[in-house]
Structure formats: C-alpha cells, structure tokens
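Fold and geometry: a report
Residues per chain are reported as follows:
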Amino acid sequence: MPFNLPRMTQALLIANVLGFALQYFIGDQAMLSLMLWPWADGVFDPAGSAPAFMPWQLLSYAFLHGGFMHIGFNMLALVMFGAPLEYTWGERRFLTYYLVCVVGAGLCQLLVGSYAVAQGADPYPTIGASGGVFGLLLAYGMLFPNQRVMLLFPPIPMKARTLVIVYGLFELGVGITGLQPGVAHFAHLGGMLFGWLLIRHWRGQPPFGGSNRKPKPRMRIVP
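The sections below set out a description of the structure shown in this document. Quick caveat: nothing in here was measured; it's all calculated off a predicted structure.

**Regarding the overall build of the protein chain**
Summing up its helical and strand segments, the protein chain has seven helices and two strands in all. Secondary structure of the protein chain in N-to-C order comes out as α-α-α-α-α-β-β-α-α. Taking all contacts inside the protein chain whose residues are at least 6 apart in sequence as the whole, residues at least 24 apart take part in 68%. Working note: accessible area of the protein chain is about 13000 Å², and carbon and sulfur atoms make up 67% of it.

**Some remarks on the environment of Gly106**
Within the secondary structure, Gly106 sits in helix α4 (residues 91–118). Separated by 45 residues in the primary sequence, Gly106 and Tyr61 have C-alpha atoms spaced 8.2 Å apart. Not counting the four nearest positions on each side in its chain, Gly106 is found in contact with Leu36, Leu58 and Tyr61.

**Considering the pattern of salt bridges**
Pairs may arise between side chains of opposite charge once their charged atoms sit close together. Tallied over the entire structure, the rule returns one salt bridge. Arg7 is the partner of Glu91 in a salt bridge, and the nearest nitrogen-oxygen pair spans 2.7 Å. On the criterion of sequence distance, the pair formed by Glu91 in helix α4 and Arg7 in helix α1 (residues 7–26) is long-range, its members being 84 residues apart. According to the relative accessible area criterion, Glu91 is partly exposed, its value standing at 31%.

**Overview of a nonpolar patch on the surface**
Side chains of Leu22, Tyr24, Phe25, Ile26 and Phe68 sit close together on the surface and give an oily, nonpolar patch of about 610 Å² of accessible area. Take the nonpolar patch: its biggest share by element is four residues, from α1. Mapped onto the secondary structure, Leu22 falls in helix α1. A relative accessible area of 44% means that Leu22 is categorised as partly exposed.

**Some points on the packing of aromatic side chains**
Considering all chains together, one arrives at eleven aromatic pairs under this definition. We note Arg93 situated over the ring of Trp202; from NZ or CZ to the ring centre the distance is 4.1 Å.

Analysis parameters
- Residues numbered from 1 in each chain as written.
- Predicted model: local features only at pLDDT ≥ 70, side-chain atom pairs only at ≥ 80, totals over all residues.
- Heavy atoms only, no water.
- Helix = DSSP H or I, 4+ residues; strand = E, 2+ residues; numbered from the N terminus.
- Contact = heavy atoms within 4.5 Å.
- Areas by Shrake-Rupley, 256 points an atom, 1.4 Å probe, with all protein chains shown as cover.
- Salt bridge = Lys/Arg side-chain N within 4 Å of Asp/Glu carboxyl O.
- Buried < 20%, exposed > 50% of the residue type's maximum accessible area, 1.4 Å probe, protein only.
- Patch = residues over 30% accessible without salt bridge, like charges linked within 9 Å, V, L, I, M, F, W, Y side chains within 5 Å.
- Phe/Tyr/Trp six-rings, centres within 6.5 Å; stacked < 30°, edge-to-face > 60°.
- Lys NZ or Arg CZ within 6 Å of the ring centre and 35° of its normal.

Structural data, given as structure tokens:
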C-alpha cells in the first residue's frame with residue numbers, strides 16, 4: 001500500500017472505496033437500506049423510496065458517499081489524521097475510536113432527522129464518513145494541539161487546536177442557521193462530541209471518570 005499507511009487506516013480506506021464503488025456501479029436505489037434514515041412510523045421495506053430506520057444503518061451509512069469529491073475529501077482527511085492517531089494509539093484503540101465516532105455521529109443525525117420528520121419534513125437519508133473523520137480531527141487536535149496543519153480552501157496554515165475550534169464553530173453555526181442545507185452538520189458535531197467523550201473516558205476525566213487532579217499529600221504536624 002502506498003504512503004506506508006498503518007493497517008487499520010488502510011482497511012478503512014479500502015472499505016470506503018469498495019463501498020463507494022459498489023454504490024456507483026449498482027446505483028443508489030439498491031443501497032437505500034444501508035443509508036441512515038430517520039425514525040418514522042412504518043415497516044422496513046427495502047424496495048420502498050424511503051426505508052425506515054434499522055440499527056445496522058448507524059454503521060453502514062459511513063461507507064457510502066455522495067460523489068467523487070465527497071469521498072475524496074473524506075479519505076484525504078482519514079489518511080492525514082487517522083495515520084498518526086493509529087501510530088500513537090495502536091490498531092485496536094484507533095478502530096474503536098473511529099467506530100464510536102461513526103455511530104455517535106449517526107445517533108445525533110438520527111435525532112435531528114427524526115425530529116424534522118416529526119415536524120412534517122420529508123424523510124431523507126444520510127451517507128458519508130464525515131462523522132468519523134470529524135472525530136479524527138478532534139482527536140488530532142487534542143493529541144497534537146500545536147502541530148501545524150494547512151487548510152485546503154483557503155490554504156492557510158494554523159495549529160491543529162485552532163483548526164478544531166474553527167471547524168467546530170462553523171459546523172455549529174451553519175447547523176443552527178440552516179445556511180448550508182443538504183449537509184449533515186449535526187452528524188459532524190456528533191462525531192466530535194462522542195470522540196471527545198471517549199478520549200476523556202480513556203484519560204479518566206469527567207463526565208465518565210474521576211477528576212484528574214492529584215490529591216494533596218497528607219501532612220502530619222509535629223508539635
């Protein structure tokens with residue numbers, strides 16, 4: 001494999017490319033049951049135009065994409081941020097982290113999409129690895145906060161920590177205002193949120209772990 005990528009990063013890259021290739025050759029209609037659909041009243045029907053939500057969609061949606069540019073940017077980010085994280089964490093922890101981010105992003109999008117359907121909106125599917133990729137971006141910024149990275153558009157260098165903050169605020173802003181429809185911004189935020197929670201759990205920090213503050217040493221006063 002080129003670029004000497006670590007094994008799990010390679011495997012995720014290949015799985016995404018194969019998923020997109022299958023989607024490209026047999027068509028989106030045949031892949032509807034693998035896309036993430038909002039929760040709605042109805043029976044699962046793979047032949048229908050809008051299948052109901054099924055549990056496997058929380059994972060399968062992340063291996064489908066909306067076009068060459070969509071998968072291209074996601075896979076570039078997977079390689080850029082995933083490889084150094086896998087070298088740091090090891091294969092098992094890296095894969096666990098990525099999949100937690102994917103599922104967490106799917107859960108957040110499921111809540112948002114289901115709420116929209118309950119308010120009368122038409123159901124629509126969500127696809128793409130962006131939730132997992134945004135989780136990788138968050139982890140990269142937490143583990144390597146002072147590492148310099150370069151934006152593609154515009155090409156501005158900045159610290160990884162700054163990049164995470166900029167992207168997080170941007171996704172929150174456009175998600176709330178709806179200025180960029182057709183993009184699952186809350187899935188992106190969900191990937192970052194679940195990634196942040198998992199890293200804090202691994203570090204033994206709140207909300208799932210105890211405080212990381214060291215206890216003060218006991219002192220004995222000698223009269």
